[in-house]
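# Coordinates in review
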Amino acid sequence: MFDWNDLRFFLELQRSGRLLTAAKRLNTTHSTVARHIETIEQSLGTALFVQHAQGYELTPAGQALLKHAEAMENVALLAQEEITQAIAPLGKIRLGVTEGIGIMFLTSRLGALFERYPGLEVELVAVPRFVSILNREAEISIHLDRPHADMLITRKLTDYRLALYASPAYLARAPRLKNRDDLSQHQWIGYVDDLLFSQELLFLDDFCRSPNVTLRSTSVVAQQIAARAGLGIAVLPNYMAKDDPELVRVLPQETIQRSYWISTRRELHKSVRLRVVWDFLLELCAREQGMLLSD
């Protein structure tokens, strides 16, 4: 019989695909991770991983073990959650969000949540990438794409609109801009295509067939700052840029709509500490529809 503790290392290596990444997440060394994997493989008498240039991949035996390891992890998580809730109904919750809505919308509005629930602690992971619920990077995650994993509960959080923005200084020196046909003559600010974490961010072509992109960034906040500095036209959410005094709305009739989705693991959905944050986010976005969907 293998040591149940070894399954933590098995699951982390399966999720990260690399020894060093798994070791960092488990706060240990790569040799320790490798040793635990070797121990469980010896106990089961079969290889669980195959190493490739891209990282570690499960063997058929590893795939068979995975569903049982995840089930055991879920039972442990439920037990911890039940005991924690019995002792202190509130506590720490980690919220993973994309950078724009996390920094420019949610952060300034979380005060009402803490006033309503003293003792609640939120870890806001606001980054320009996908934050994984399944890999335990967060307990609640807000995405641009709808997740479809069976282990998740997902709801649409809100729709929102984006439009074109530039600085007055840029517009003063740039070619004339009267209609959509003029956009091809302008400088653009956009995303780094091969580092996009969502296809929903491929929206420059919605406005201009062949945009002349002079600056690319993985960060929408950096794009807004670049637009303020006069580096070109940026596609920005209206909730970020509409009231920015250093930006001007370009071609106001041109706009696109996208959606945010909120998800969590099924076994956590009834957690008190999670539900107070989950419900608050849904209520907040419903209340702020005027801003999120403003033209």
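Just so it is clear, the structure is predicted and the values come from calculations on it, not from any experiment. (Residues numbered from 1 in each chain as written. Predicted model: local features only at pLDDT ≥ 70, side-chain atom pairs only at ≥ 80, totals over all residues. Heavy atoms only, no water.)

## With respect to the sheet that holds strand E6 (residues 152–166)
As a reminder, the rule being used: When DSSP locates at least two bridges between a pair of strands, those strands are taken to pair. Comment: elements are numbered from the N terminus, with helices defined as DSSP H or I runs of at least four residues and strands as E runs of at least two. The angle between two axes is taken between their N-to-C directions and runs from 0 to 180 degrees, where each axis is a line fitted to C-alpha atoms and a helix contributes only its stretch in contact. Pairs of residues are marked as contacts when any of their non-hydrogen atoms sit within 4.5 Å.
Across the sheet, which stays open at both edges, the eight strands sit in the order E4-E3-E5-E10-E6-E9-E7-E8 with mixed pairing between neighbours. This sheet does not close on itself; its edge strands, each paired only once, are strand E4 (121–127) and strand E8 (212–216). Direction aside, neighbouring strands of the sheet carry axes that sit 25° apart on average. Judged from the four bridges that link them, strand E5 (residues 140–143) and strand E10 (residues 248–265) form a sheet pairing that is antiparallel. Following the sheet pairing, histidine 143 is matched in E10 by tryptophan 261. Helix H5 (residues 99–106) rests against strand E3 (92–98), E4, E5, E6 and E10 of the sheet, and its axis sits at about 115° to E3. In the packing of helix H10 (residues 272–287) onto the sheet, the strands contacted are E3, E5, E6 and E10, and the crossing angle to E6 comes to about 40°.

## Topic: the pattern of salt bridges
Which entries qualify depends on this criterion: Salt bridges are identified by distance alone: a Lys or Arg side-chain nitrogen within 4 Å of an Asp or Glu carboxyl oxygen. Burial classes follow relative accessibility: with a 1.4 Å probe on protein chains only, a residue under 20% of its type's maximum area counts as buried, one over 50% as exposed, and anything between as partly exposed.
One pass over the full model with this rule turns up 17 salt bridges. Between arginine 109 and glutamate 288 there is a salt bridge whose closest N-O contact spans 3.3 Å. Of the two residues, arginine 109 is situated in the loop between H5 and helix H6 (111–116) and glutamate 288 in the loop between H10 and helix H11 (289–292); the sequence distance between them amounts to 179 residues. By relative accessible area, arginine 109 is classed as buried at 19%. Each of Glu12, Arg25, Arg129 and Glu137 takes part in salt bridges that share partners, so that together they form one network.

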